[in-house]
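Observations on the three-dimensional arrangement
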Amino acid sequence: MNDTDRQICMGPWDGPGDGPGAIAPPIFQTSLFAKASFGDFVRQQAAEHENYVYSRGTNPTVAFLEKRLALLEGGEAAKCFASGMGAIGAVLGGLLKAGDHVLFVNNVYGPTLELAQHLGRLGIDHTVVTDPGADVESHLTDRTALVYVESPGTMLMKLMDLRALTEVTRRRGILTAIDNTWATPLFQKPLGLGVDLVIHSLTKYVGGHSDVTGGVVVGSAELVREIFYRGHQLFGAVMSAMEASLVLRGLRTLPVRMEQHQENAARVIDHLLEHRAVAAVHHPYANHAPDDPLVRSQLTGYSGLLSLELRDGGFDAVSRFVDALRLFRIGVSWGGYESLVSSPVRPGNAAQLAAGGIPGGLVRLSVGLEGAQSQIEDLDRGFAAIAR
């Protein structure tokens, strides 16, 4: 994390007017923008991706957030959405057509794959390869239009070599997209590694306060413009000015929060690695040396999302462990200030998990900002519950 990124996160308002002189960006809580003449209206509506006409398209508060996020990722343009799935849906639905094929690599967010299943009804096929080290080229077809990845991946946080991937896809003329939510734009910049589009759930670390949902797509001006007209305007997953202001508030403290998430997670992981009840810990800090070439080439830091495998796993053990926790609250999502716990384990789904490469005693932890010692003590409460 460098000072340039910090300054981008905290950059002053540079939109229409000066606020006047407002430290916090103004909230343009309006649905439409009147024009001085019909000629102005016609010209601006013809290029609505860069003009304020209707807030379903562009809005100054949202546009300011988009500019900040594009700068952070090193992209030419960005488009914000009402949720991470809104962003994902706009990429898949806006860029693909019947007959296309999508290759998903690594453990990918479940609803993304559910959407891919739905797109099969519209003639868009897909393949899932959960091994991040697999030979990607062997899974491509002459219809593959997009390779979609997560790195680190969902649940097991495995890394994949993004530069090696994009060397293949660029040679074949295939687009690439990555869900970069885990690392945030501060700890990983996939566009610089050759990836075409970067997606974030702004609900997670960037928003950071568990009080707003949002998503963003960052990439070239050409691709983002295409997504704007086909996947944003038509699908309508619009981020409001109020939501954008909450994400901007989170963005201003993102650098300091990510440093603390990283520090707390490292201490928690060190404790977990020594605990006899833990069979494995899944997180780049636990699974790769700091000087690992793949880590050094892609990551400049670590977030606080990790998973652990209980040595004597199964639904009963997972339930007793999770229910004994007090500081780690049971809930979906992650990346907020609070510590959260969840698990994909359900009664009777061990075989289904195994088919997807997920261990039967897996527990996911989002390590928040409360303090590592308190988090460790809480986890030990859970371990005590399964030792009885």
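To be clear, the structure that these remarks concern was listed above.
Residues numbered from 1 in each chain as written. Predicted model: local features only at pLDDT ≥ 70, side-chain atom pairs only at ≥ 80, totals over all residues. Heavy atoms only, no water.

In this section: the packing of helix 4 (residues 84-95) against helix 5 (residues 110-119). Following both chains from N to C, one finds helix 4 and helix 5 inclined at 35°, their axes separated by 11 Å at the closest point. Here helix 4 and helix 5 pass one another in a crossing that is right-handed. For the pair formed by helix 4 and helix 5, the contact residues are Met85, Ile88, Gly89 and Leu92 on the first element and Pro111, Thr112, Leu115 and Leu119 on the second. Looking at side-chain class alone, the contact of helix 4 with helix 5 contains 6 nonpolar, 2 polar and no charged residues. (Axes fitted to C-alpha atoms, helices over the stretch in contact; angles between N-to-C directions. Helix = DSSP H or I, 4+ residues; strand = E, 2+ residues; numbered from the N terminus. Left-handed = near helix turned anticlockwise from the far one by under 90°. Contact = heavy atoms within 4.5 Å. Nonpolar A, V, L, I, M, F, W, Y, C, P; charged D, E, K, R; others polar.)

What follows is about the sheet that holds strand 11 (residues 340-342). Overall, mixed pairing links the 5 strands, which are arranged 8-9-12-11-10 in an open sheet. Edge positions in the sheet fall to strand 8 (278-282) and strand 10 (329-330), since each has one partner strand and no second. (Pairing = 2+ DSSP bridges.)

Moving on, we get to the sheet that holds strand 2 (residues 101-105). What holds strands together in a sheet is hydrogen bonding between their backbones, with the strands either parallel or antiparallel. If you trace the 7 strands from one edge of the open sheet to the other, you get 1-7-6-5-4-2-3, paired in mixed fashion. In this open sheet, the two edge strands, each paired with only one partner strand, are strand 1 (77-81) and strand 3 (125-129). The mean angle between the axes of side-by-side strands here comes to 20°, regardless of whether they run parallel or antiparallel. In the sheet, strand 2 pairs with strand 4 (residues 144-150) via 5 bridges, with the strands oriented parallel. Considered in strand 4, the bridge of Phe104 is made with Tyr148. In the packing of helix 3 (residues 60-73) onto the sheet, contacts are made with strand 1, strand 6 (197-201) and strand 7 (215-219), and the angle to strand 1 comes to roughly 125°.

Of all hydrophobic cores here, the largest spans 53 residues; its most connected members are Leu65, Leu202 and Leu251. Setting aside chain neighbours within four positions, we find Leu202 in contact with Leu65, Leu69, Cys80, Gly207, Gly214, Gly215, Val216, Met239 and Val247. In this structure, Leu308, Val345, Leu353 and Ile386 belong to the second largest nonpolar core, which totals 29 residues. (Core = buried A, V, L, I, M, F, W, Y, C linked by side-chain atoms within 4.5 Å. Buried < 20%, exposed > 50% of the residue type's maximum accessible area, 1.4 Å probe, protein only.)

Going through the model one piece at a time under the given rule, you end up with 16 salt bridges. Among the ionic pairs, Lys189 bridges to Asp5, the shortest N-O distance being 3.1 Å. Here Lys189, found in the loop between helix 7 (184-187) and strand 6, pairs with Asp5, found in helix 1 (residues 3-9); they are 184 residues apart in sequence, far enough to count as distant. You can call Lys189 partly exposed: its relative accessible area is 29%. The salt bridge involving Arg143 is made with Asp125; its shortest N-O contact spans 3.3 Å. Taken together, the positions of Arg143 in the loop between strand 3 and strand 4 and Asp125 in strand 3 put the pair 18 residues apart, joining distant regions of the chain. Accessibility expressed as a relative area gives 35% for Asp125, which makes it partly exposed. Among the charged side chains, a salt-bridge network with shared partners connects Asp3, Arg6 and Glu259. (Salt bridge = Lys/Arg side-chain N within 4 Å of Asp/Glu carboxyl O.)

Over its 14 residues, helix 3 runs 20 Å from end to end, which matches the ideal 20 Å to within 8%, given 1.5 Å per residue. Judged by how many residues are buried, helix 3 sits mostly within the fold: 11 of 14 residues are covered. Three or more residues of helix 3 are buried, namely Pro60, Thr61, Val62, Phe64, Leu65, Glu66, Arg68, Leu69, Ala70, Leu72 and Glu73. At its buried positions, helix 3 is contacted by helix 1, strand 1, helix 7, strand 6, strand 7 and helix 9 (241-273). Where helix 3 begins, one side-chain oxygen reaches toward the backbone nitrogen of Thr61, 2.9 Å away; that side chain belongs to Asn59. Positive backbone phi, at 75°, marks Gly74, one or two positions downstream of helix 3. (Expected span 1.5 Å × (residues − 1). Polar contact = N/O pair within 3.5 Å; in protein donor to acceptor, adjacent residues only side chain to side chain.)

Within the fold, Ser151 resides in the loop between strand 4 and helix 6 (162-172). Ser151 gets classed as buried once you look at its relative accessible area, which sits at 1%. Polar contacts involving the side chain of Ser151 include one to the main-chain amide nitrogen of Met160, which spans 3.0 Å. Setting aside anything within four residues of it in sequence, one finds Ser151 in contact with Asn106, Lys158, Leu159, Met160, Leu162, Ile178, Asp179, Asn180, Gln188 and Gln298.

Bringing unusual backbone geometry into the picture now. At the junction of Ser151 and Pro152, the peptide bond is cis and its omega measures out at -5° in the coordinates. Position of Pro152 relative to the elements: it lies in the loop between strand 4 and helix 6. We note that Asn106 has phi near 85°; this positive angle belongs to a residue other than glycine. Among the residues examined, Asn106 registers a relative accessible area of 1% and is labelled buried. If you check the backbone angles, Ser210 has positive phi at about 55° while not being a glycine. Counting through the fold element by element, Ser210 comes out in the loop between strand 6 and strand 7.

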